[in-house]
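The primary structure of each chain is shown beneath.
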Amino acid sequence: MGFLGKIKRRHKKKVLFRQFKSVGLGTFEHVSSGVSFIGPEFCSLGSNASIPAPASISCIDLRAEGSNFAPSLSIGNNFCANTGFSVFCGLGIQIGDNCLFGPDVLIMDSDHGDAISDVPYQKQCRRSAKVLIGNNVYLGARVVVLKGVTIGDNVIIGSNSVVTHDIPANSKAGGIPAKVLRVWDAKTKTWIKPQ
Ligand SMILES: CC(C)(COP(=O)(O)OP(=O)(O)OC[C@H]1O[C@@H](n2cnc3c(N)ncnc32)[C@H](O)[C@@H]1OP(=O)(O)O)[C@@H](O)C(=O)NCCC(=O)NCCS
């Protein structure tokens, strides 16, 4: 890309960043201009957050579908995503500080309605429940986190896992659905099998 192209791209990114609810220091430089944001006005990014392209972050206002709430996505300080990061936020997704996500992580807080009727699934109102991810959480490559899940501080989720239930703090979890595999033993400072 030529010099002019670079200037145009930077300007476009500046215009986009002005639309965010809030953005911390150092994040502008570490979010690639190729990252796709829908609904940036519903999104807060902490300081030094890094999101490389390709990535797709969508905050969809479901009030048009009858929801009582605007979506709210909050990503903490020192966030480090890898390529292929995808988010669908229709209600609330909160990611704490110092989180590390491997490639192709997907987080969704909403599903389409699932009634069998004259109305196809794609036209049914979405069902949403908040997703809360604590501080210092490490999600391996291709982890999927589904609606209503809380992941505690210091959790590690193994690659390819699908998280459908809460995972307690200070544990390692994995599988489909993700289950606790190890817990941190503060006395011996090692990971041990849960009792
Ligand atoms: C979860 C992970 C961190 C565990 O690593 P580890 O500490 O060396 O794992 P352990 O060998 O102690 O495994 C503990 C148990 O978890 C199981 N396990 C490990 N990874 C798993 C996964 N992704 N899904 C399901 N189970 C998994 C192991 O088979 C073992 O089971 P066991 O209790 O029957 O023996 C690792 O397997 C992993 O998935 N890393 C993510 C890599 C990645 O995505 N990197 C991107 C870098 S940004």
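Residues numbered from 1 in each chain as written. Predicted model: local features only at pLDDT ≥ 70, side-chain atom pairs only at ≥ 80, totals over all residues.

**Focus: the overall build of the protein chain**
When its secondary structure is counted, the protein chain shows two helices and 20 strands. The C-alpha radius of gyration of the protein chain comes to 18 Å, within 12% of the 16 Å expected for a compact globule of 195 residues. For the protein chain, the spread of C-alpha atoms along the three principal axes comes to 60 × 50 × 25 Å. Residues classed as buried in the protein chain amount to 29% of the 195 residues present. (Helix = DSSP H or I, 4+ residues; strand = E, 2+ residues; numbered from the N terminus. Rg over C-alpha atoms; globule rule 2.2 N^0.38 Å. Buried ≥ 20, exposed ≤ 12 C-beta atoms within 10 Å, placed from the backbone.)

**Observations regarding the pairing of strand 4 (residues 55-59)**
With burial as the criterion, only one face of strand 4 is covered, namely that bearing Ala55, Ile57 and Cys59; the residues Ser56 and Ser58 on the opposite face remain uncovered. As defined by bridge partners, strand 4 adjoins strand 6 (residues 85-89) across five bridges and the pair is classed as parallel. The residue bridging Cys59 from the neighbouring strand is Cys89, located in strand 6. (Pairing = 2+ DSSP bridges.)

**Focus on the environment of Leu132**
Within the secondary structure, Leu132 is located in strand 12 (residues 131-133). Exposure remark for Leu132: the 17 C-beta atoms within 10 Å place this residue in the partly exposed category. Counting along the chain gives 70 residues from Leu132 to Leu62, while the straight-line C-alpha distance between them is 19 Å. For Leu132, the contacting residues outside a window of four places in its chain are Gln94 and Thr150. (Contact = placed C-beta atoms within 7 Å.)

**Remarks on the site of the ligand**
Of all residues adjacent to the ligand, which total 14 residues, the nearest are Gly102, Gly140, Ala141, Gly158 and Gly174. For the shell around the ligand, the secondary structure elements donating two or more residues are strand 18 (171-174) and strand 19 (179-185). Split into classes, the residues belonging to the shell around the ligand amount to three nonpolar, nine polar and two charged. (Near = placed C-beta within 6 Å. Nonpolar A, V, L, I, M, F, W, Y, C, P; charged D, E, K, R; others polar.)

**Describing the nonpolar core**
Core analysis: the biggest nonpolar cluster contains 40 residues, and Leu73, Ile157 and Val163 have the highest contact counts within it. Going through the elements one at a time, strand 3 (43-45), strand 4, strand 5 (72-75), strand 6, strand 7 (92-95), strand 12 and strand 16 (156-157) are the ones with two or more residues in this core. If you tally residues by element for this core, the top one is strand 6, at four residues. (Core = buried A, V, L, I, M, F, W, Y, C linked by C-beta atoms within 7 Å.)

**Quick look at helix 1 (residues 3-18)**
Its 16 residues give helix 1 an end-to-end C-alpha distance of 23 Å, which sits within 8% of 22 Å, the value for a rise of 1.5 Å per residue. Counting buried positions along helix 1 yields zero of 16 residues, so the element is predominantly exposed. (Expected span 1.5 Å × (residues − 1).)

**Describing the sheet that holds strand 12**
Either a parallel or an antiparallel arrangement is found when strands of a sheet pair, and the pairing is made through backbone hydrogen bonds. Pairing within the open sheet is parallel, and its six strands lie in the order 1-3-5-7-12-15. Every other strand in the sheet has two partners, leaving strand 1 (22-23) and strand 15 (150-151) as the edge strands with one partner each. As judged from the two bridges shared by strand 1 and strand 3, these two strands associate in the parallel manner. Across the sheet, the residue bridging to Val23 is Leu45, located in strand 3.

**Considering unusual backbone geometry**
Cis geometry marks the peptide bond from Ala53 to Pro54, where omega comes out at 0°. Its location among the elements puts Pro54 in the loop between strand 3 and strand 4. Looking along the chain, the bond that leaves Ile176 and enters Pro177 is cis, with omega of -10°. Checked against the element boundaries, Pro177 lands in the loop between strand 18 and strand 19.

**With respect to the environment of Asp118**
Residue position: Asp118 is located in the loop between strand 10 (110-111) and strand 11 (127-128). Asp118 gets classed as exposed once you count the C-beta atoms within 10 Å, which come to 6. Separated by 19 residues in sequence, Asp118 and Cys99 have C-alpha atoms that sit 43 Å apart.

In short, geometric facts, not functional conclusions.
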